[in-house]
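In case you want the letters, here they are:
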Amino acid sequence: MFVTPAFAQGAASAAPGGTDFLIQLLPFVLIFVIMWFLILRPQQKRAKAQAEMIKNVRRGDTIVTAGGIIAKVVKVIDDGEVQIEIAENVRARLSRAMIADVRAKGEPVKTETP
């Protein structure tokens, strides 16, 4: 009695409602996919490369600490620490987590004796 024909047609077409919900959800899904490929995925690759680089630090490598000090690795103490030489006869122990970059790879340790 008080329902107009336009309102009645709108209610009938909205009754199934499944497609309208998916169309409204589509922009959010697209934004998430774009964020994944542009931000999250490259960040995960960089973090994995950084962890691999820190894991492979060995004696003779020149490193840069998180504080900006450039030092040479003198001894690998264990999985969590290395001993570095900051200046001549100045040595310190450094946590591997504080290594920001490996500048130059050192020569492999010689195991053969002539």
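Within any chain, residue numbers begin from 1 and follow the written order of that chain's sequence. In keeping with the predicted nature of the model, local features appear solely for residues at pLDDT of at least 70, side-chain atom pairs appear and are counted solely at 80 or more, and the whole-chain, interface and lining totals rest on all residues. Hydrogens and water are ignored here; the side-chain numbers use all heavy atoms of the structure.

(A) Representation of unusual backbone geometry within the structure. Even without glycine at this site, Asn-89 takes up a positive phi of about 60°. Going along the chain from the N terminus, every DSSP run of H or I of four or more residues is numbered as a helix, and every run of E of two or more is numbered as a strand. Relative to the helices and strands, Asn-89 is located in the loop between strand 3 (81-87) and strand 4 (90-95).

(B) The arrangement of the environment of Val-102 in detail. Among the structural elements, Val-102 can be located in strand 5 (residues 99-104). Once the C-alpha coordinates of Val-102 and Ile-54 are considered, the two residues, 48 residues apart in sequence, prove to be 7.9 Å apart. Aside from chain neighbours lying at most four places away, what touches Val-102 is Met-53, Val-57, Asp-61, Thr-62 and Ile-63. Throughout, a residue-residue contact means that at least one pair of heavy atoms, one from each residue, lies within 4.5 Å.

(C) Quick look at the UniProt feature "transmembrane region" (unreviewed entry) in the chain. If you check UniProt for "transmembrane region" (unreviewed entry), the listed places come out as residues 21-40 in our numbering. With 100% helix and 0% strand, residues 21-40 has its two end C-alpha atoms placed 27 Å apart. UniProt positions are given in the numbering used here, feature names are shortened, and annotations may be inferred rather than shown by experiment.

(D) Local environment of the sheet that holds strand 1 (residues 62-65). Two strands qualify as a pair provided that DSSP identifies no fewer than 2 bridges between them. Overall, antiparallel pairing links the five strands, which are arranged 4-3-2-1-5 in an open sheet. If you trace the sheet from one side to the other, it starts and ends with strand 4 and strand 5, each paired once. Pairs of neighbouring strands in the sheet enclose a mean axial angle of 45°, with direction left out of account. As judged from the four bridges shared by strand 2 (residues 70-76) and strand 3, these two strands associate in the antiparallel manner. Looking across to strand 3, one finds that Lys-72 is bridged to Glu-85. Simply put, an axis is a line fit to the C-alpha atoms, just over the touching stretch for a helix, and the angle between two N-to-C directions goes from 0 to 180 degrees.

(E) The arrangement of the pattern of salt bridges in detail. Within this document, salt bridges are pairs made up of a side-chain nitrogen of Lys or Arg and a carboxyl oxygen of Asp or Glu, the two lying within 4 Å of each other. Here the structure, examined in full by the defined rule, presents two salt bridges. A salt bridge links Glu-52 to Lys-55, with the nearest nitrogen and oxygen atoms 3.9 Å apart. On the criterion of helical spacing, the pair formed by Glu-52 and Lys-55 is a turn pair, its members being three residues apart in helix 2 (residues 18-55). On the basis of relative accessibility, which here comes to 39%, the residue Glu-52 falls in the partly exposed class. When its relative accessible area of 56% is taken as the criterion, Lys-55 is described as exposed. Notably, a salt bridge pairs Glu-81 with Arg-93, separated by 2.3 Å at the nearest N-O pair. With Glu-81 in strand 3 and Arg-93 in strand 4, the pair connects residues that are 12 residues apart, well separated along the chain. Only protein chains enter the calculation, and the probe is 1.4 Å; a residue is then buried if its accessible area is under 20% of its type maximum, exposed if over 50%, and partly exposed in between. The class of Glu-81 is partly exposed, set by a relative accessible area of 26%. For Arg-93, a relative accessible area of 57% translates into the label exposed.

(F) Structural context of the pairing of strand 1. Sheet analysis places strand 1 next to strand 2, joined by three bridges and oriented antiparallel. Bridge pairing in strand 2 places Val-64 opposite Ile-70. The antiparallel pairing of strand 1 with strand 2 creates a hairpin that spans four residues between the two strands, and Gly-68 there sits at a positive phi of about 95°. As judged from the four bridges shared by strand 1 and strand 5, these two strands associate in the antiparallel manner. Within strand 5, the position partnered with Ile-63 by the bridge is Val-102.

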